[in-house]
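The chain contents come next:
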Amino acid sequence: EMARPRLEAVEGFRSLTLWRDALDDSCFLLISHYTGDEAAAAGLKALGDGHLLSDAVPSLATPPDVRQVAIEVRDGVAPGALPVGGYVSVSTQTPTHADTARQDLEDVLLGLLYLPGCLGTSQGTNAARDGELIGLAFWKDRDSYTASVPEVAPYAVRLFRRVA
């Protein structure tokens, strides 16, 4: 909550949400949502200038994995619109054939939108890691997510529950 006032002063800031890993209570996901790359850079700078990130690191069990994902395709709800108690599934892949993998991920996320309980999806790339694709799907509840998982998933997917 100490970060929110700093971020609200950033032009283009939309929301800040905190999520807990559904399988590991010690693992968290923080999603900050901005209107574009310039706003995201300003948001990260605002957090760094206030020493919020560097002050928090010593209290963490492991160092944070910070990724700036440029969202290229979004359908449905944005992260801040999902209520506390909702879920997000996160898939991360570094494909060998980026164009094919990008289209495959887009097709999968589009298909999820037709499933009961899927409230929205987002797809993007991590600029810091060459070719890394990130897929997000927002879920009403855990049962909806569980019903969407194929027996053999083509890539790893992690599930997080919104806690703030």
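Procedures and definitions
- Residues numbered from 1 in each chain as written.
- Predicted model: local features only at pLDDT ≥ 70, side-chain atom pairs only at ≥ 80, totals over all residues.
- Heavy atoms only, no water.
- Helix = DSSP H or I, 4+ residues; strand = E, 2+ residues; numbered from the N terminus.
- Buried < 20%, exposed > 50% of the residue type's maximum accessible area, 1.4 Å probe, protein only.
- Contact = heavy atoms within 4.5 Å.
- Areas by Shrake-Rupley, 256 points an atom, 1.4 Å probe, with all protein chains shown as cover.
- Pairing = 2+ DSSP bridges.
- Axes fitted to C-alpha atoms, helices over the stretch in contact; angles between N-to-C directions.
- pLDDT = per-residue confidence, 0-100.
- Phe/Tyr/Trp six-rings, centres within 6.5 Å; stacked < 30°, edge-to-face > 60°.
- 1 Å grid on protein atoms, 1.4 Å probe; cavity = no way out; pocket = protein on both sides within 12 Å on 5 of 7 lines; lining within 4 Å.
- Points joined across faces, edges and corners; volume = space filled by probe spheres on them.
- Nonpolar A, V, L, I, M, F, W, Y, C, P; charged D, E, K, R; others polar.

A word on the overall build of the chain
Part 1: For the chain, the count of helices and strands is five helices and seven strands.
Part 2: Along the chain, helices and strands appear, N-terminal first, in the series α-β-β-α-α-β-β-α-β-β-α-β.
Part 3: Of all 164 residues assigned to the chain, the portion counted as buried reaches 35%.
Part 4: Within the chain, contacts between residues at least 6 apart in sequence are counted, and of these 69% link residues at least 24 apart.
Part 5: A total accessible area of about 9800 Å² is found for the chain, and carbon and sulfur atoms account for 54% of it.

Digging into the sheet that holds strand 3 (residues 69-76)
Part 1: Strands sit in the order 2-1-7-4-6-5-3 across an open sheet of seven strands; the sheet is antiparallel. Each edge of the open sheet is held by one strand with a lone partner, namely strand 2 (28-34) and strand 3. Mean inter-strand twist for the sheet, computed between neighbouring axes without regard to direction, equals 25 degrees.
Part 2: Pairing geometry for strand 4 (residues 87-93) and strand 6 (residues 133-139), over seven bridges, is antiparallel. By the bridge assignment, T92 is partnered in strand 6 with I134.

A few points about the environment of A46
Part 1: Turning to its location among the elements, A46 is positioned in helix 2 (residues 37-49).
Part 2: Take A46: its relative accessible area is 16%, and that puts it in the buried class.
Part 3: Residues A46 and L7 lie 39 residues apart in sequence; the distance between their C-alpha atoms is 6.8 Å.
Part 4: Aside from chain neighbours lying at most four places away, what touches A46 is R6 and V10.

So, the confidence of the model for the chain
Part 1: Looking at the chain as a whole, the pLDDT averages 86, with 87% of positions reaching at least 70.
Part 2: Considering each helix and strand of the chain separately, the mean pLDDT is smallest for helix 3 (residues 52-56), with a value of 56, and largest for helix 5 (residues 142-148), with 96.

Some details on the packing of aromatic side chains
Part 1: Scanning the model with the defined rule gives three aromatic pairs in all.
Part 2: Residues F13 and Y34 carry aromatic rings whose centres are separated by 5.8 Å and whose planes lie at 65 degrees to one another, so their mutual orientation is edge-to-face. Taken together, the positions of F13 in strand 1 (residues 13-21) and Y34 in strand 2 put the pair 21 residues apart, joining distant regions of the chain. Taken individually, F13 and Y34 each receive the classification buried, so the pair is uniform in this respect.
Part 3: A centroid spacing of 6.3 Å and a plane angle of 45 degrees characterise the contact between W19 and F138, whose relative ring orientation is tilted. Residue W19 is located in strand 1, and its partner F138 is located in strand 6; the two are separated by 119 residues in the primary sequence.

A closer look at the layout of surface pockets
Part 1: Considered as a void within the structure, the second largest pocket measures approximately 300 Å³ in volume.
Part 2: Along the walls of the second largest pocket sit 19 residues, with V108, L112, P150, Y155 and V157 positioned nearest its centre.
Part 3: Counting only elements with at least two residues in the lining of the second largest pocket, the list comes to strand 4, helix 4 (98-112), strand 6 and helix 5.
Part 4: Looking at side-chain class alone, the lining of the second largest pocket contains 15 nonpolar, four polar and no charged residues.

Quick word on the pairing of strand 6
Part 1: Burial of strand 6 is extensive: seven of the seven residues sit out of reach of the surface.
Part 2: Of the two faces of strand 6, the one holding L133, G135, A137 and W139 and the one holding I134, L136 and F138 are both buried throughout.
Part 3: Summarising the sheet, strand 5 (residues 118-126) and strand 6 pair through seven bridges and their orientation is antiparallel. Note that in strand 6 the partner of G120 across the bridge is F138.
Part 4: Between strand 5 and strand 6, which follow one another and run antiparallel, lie six residues, and G131 among them has a positive phi close to 80 degrees.

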